[in-house]
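# Geometric and topological summary
The lines below spell out each chain.
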Amino acid sequence: MLSKLKELDKTLLFLITSISLFGLIMVYSASYSLGSIKYNVSNFFFHRQWISFLIGIFAMAIGFFLPYKLYQKWIPLLIIGSRLLLILVLTPWFGEVRNNSQRWLQIGSLVLQPAEFVKFTMVVYFASVYGKKEKTLTNFSKELLPPLLLLGVVFLLILMQPDLGTATSIAIPCVFILLCAGVKKRHLLGIVGVGACAVVYLAVSAPYRLARILSFRDPFSDPNGKGYQLINGYEAIASGGVLGKGVGGGIQKLGFLPEAHTDFIMAVVLEELGTFGLAVVFFLYFGLLIKGVYIALHAKNSFGTLLTIGFLFQIMVQVVFNLGAVAGLLPITGIPLPFISYGGSSLIVNLFTMGIILQISREAKQIRIPIVERRR
């Protein structure tokens, strides 16, 4: 165990812990007023996020020490478990409704968001299937269609919550895995084309989704309704300047900006830390992206490569969706900012996947050492 810890990727660990601790600070700053008003405890949300962080660190250690090839053997169990969770969350006995969406599973005092665990399952499944096939993906009906059908079932179950944003954020990393696995361009273009048409149709077919799209295009047309959150986000961003008002000095989080501690926490970062805070966040995410791609390119096997790519782009897709929504460039989907937004399920699962990537990085180092010694 000690020898494994010595080979730990310190750069990746630094990036993960830095962004997570930064998130803890911002969750406290963004939520203390809401905690005081709603629960009469200013650190209510921070305390829960802190516990989730500690559990996440433990989960990351499991991800680092538990051989990731075991997940290939557990795929049938993971798929059955994921489907069961998605079905249970839709039932009136276990599903909890928040903001007109039934995305949370409540079992006693425990509240989970099944979609976060499904994200993990789908990446493992796609990486395992296409990691074995490698560059032989030529038969669409036999090699590509079965996993896509399963993805379609998962997509529809999440859509029933309803949560088109999360369903899309699960599908896109799977497409990245297909791209890196060597799928024929015509097959990939066909999959992307059909998927894009389906998402557009689903987005405009439901009145509430269409209203979100129209509100992000022109939030000032309904400033007290659909555009209220985005407009207050704009006010937070505009008042931050270069260095911001200081941590805890933001105004919009004091009852003006909805979901300030979750999907709009970046607006609070910009108000309190200004452009400097944005630069820090970009630096950490960009560093994570570059380091993750490097690890994927040097992984021990195809499964490790595709697993790293899937987990990495799963996080980056959420970053793009979240920051795009806060900036008014994309519709508001309620997708959290990874490692930073409040949300225990998201933080624990993300830290667990980072533990797996740390393990893949350690194996890559072990492979390169003998090569260096032979050259000497």
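Preceding block: the structure.
To keep things clear, this report deals only with the structure shown in the data block. Note that this is a predicted model, so its numbers are computed, not measured. (Residues numbered from 1 in each chain as written. Predicted model: local features only at pLDDT ≥ 70, side-chain atom pairs only at ≥ 80, totals over all residues. Heavy atoms only, no water.)

## Concerning the pattern of salt bridges
In total, this model carries 4 salt bridges according to the counting rule given. Ionic pairing is found between lysine 291 and aspartate 9, a salt bridge with its closest N-O pair at 3.1 Å. Of the two residues, lysine 291 is situated in helix α12 (residues 265-297) and aspartate 9 in the loop between α1 (2-6) and α2 (10-39); the sequence distance between them amounts to 282 residues. Across the pair, exposure class does not vary: lysine 291 and aspartate 9 are buried alike. Taking the shortest distance from any N to any O, the salt bridge between lysine 253 and glutamate 272 comes out at 2.5 Å. Within this pair, whereas lysine 253 is found in the loop between α11 (228-240) and α12, its partner glutamate 272 is found in helix α12, the two being separated by 19 residues in sequence. For lysine 253, a relative accessible area of 4% puts it in the buried group. (Salt bridge = Lys/Arg side-chain N within 4 Å of Asp/Glu carboxyl O. Helix = DSSP H or I, 4+ residues; strand = E, 2+ residues; numbered from the N terminus. Buried < 20%, exposed > 50% of the residue type's maximum accessible area, 1.4 Å probe, protein only.)

## Some remarks on the packing of α2 against helix α3 (residues 44-65)
The interhelical angle for the contact between α2 and α3, taken along N-to-C directions, is 155°, at an axis separation of 6 Å. Classified by the interaxial angle, the pair formed by α2 and α3 is roughly antiparallel. From α2, Leu13, Ile16, Ser20, Leu21, Leu24, Val27, Tyr28, Ser31, Leu34, Gly35 and Tyr39 reach across to α3, where they touch Phe44, Phe45, Phe46, Gln49, Trp50, Phe53 and Met60. Grouping the amino acids of the contact of α2 with α3 by side-chain chemistry returns 14 nonpolar, 4 polar and no charged. (Axes fitted to C-alpha atoms, helices over the stretch in contact; angles between N-to-C directions. Parallel < 35°, antiparallel > 145°, perpendicular 65-115°, else oblique. Contact = heavy atoms within 4.5 Å. Nonpolar A, V, L, I, M, F, W, Y, C, P; charged D, E, K, R; others polar.)

## A word on the pairing of strand β2 (residues 101-107)
Of all 7 residues in β2, 5 are buried; the element is thus mostly enclosed. Taken together, the 3 bridges between strand β1 (residues 95-98) and β2 define a ladder with antiparallel strand orientation. Bridged to glycine 95 within β2 is leucine 105. Pairing geometry for β2 and strand β3 (residues 110-112), over 3 bridges, is antiparallel. Bridge pairing in β3 links isoleucine 107 to leucine 110. (Pairing = 2+ DSSP bridges.)

## Describing the sheet that holds β1
Read from one edge of the open sheet, 3 strands run β1-β2-β3, paired in antiparallel fashion. Edge positions in the sheet fall to β1 and β3, since each of these pairs with one other strand and no more. Between one strand axis and the next, the sheet turns through 40° on average, direction left out of account.

## A short note on a nonpolar patch on the surface
Taken together, the side chains of Leu21, Trp50, Ile51, Leu54 and Ile55 present a nonpolar region at the surface, about 430 Å² in accessible area. In terms of residue count, α3 provides more of the nonpolar patch than any other element does, 4 residues in total. Here leucine 54 lies in helix α3. Judged by relative accessible area, leucine 54 falls into the partly exposed class, the value being 43%. (Patch = residues over 30% accessible without salt bridge, like charges linked within 9 Å, V, L, I, M, F, W, Y side chains within 5 Å. Areas by Shrake-Rupley, 256 points an atom, 1.4 Å probe, with all protein chains shown as cover.)

## As for the packing of aromatic side chains
This structure, assessed with the given rule, holds 18 aromatic pairs. Ring geometry for tyrosine 39 against phenylalanine 45: centres 5.8 Å apart, planes inclined by 75°, an arrangement best described as edge-to-face. Accessibility expressed as a relative area gives 6% for phenylalanine 45, which makes it buried. Among the aromatic residues, those joined into a cluster by ring pairs are Tyr71, Trp74, Phe120, Phe311 and Phe352. Looking at arginine 362, its charged tip hangs above the ring of phenylalanine 64, at a distance of 5.7 Å from the centre. (Phe/Tyr/Trp six-rings, centres within 6.5 Å; stacked < 30°, edge-to-face > 60°. Lys NZ or Arg CZ within 6 Å of the ring centre and 35° of its normal.)

Interpretation in functional terms is not warranted from these geometric data alone.
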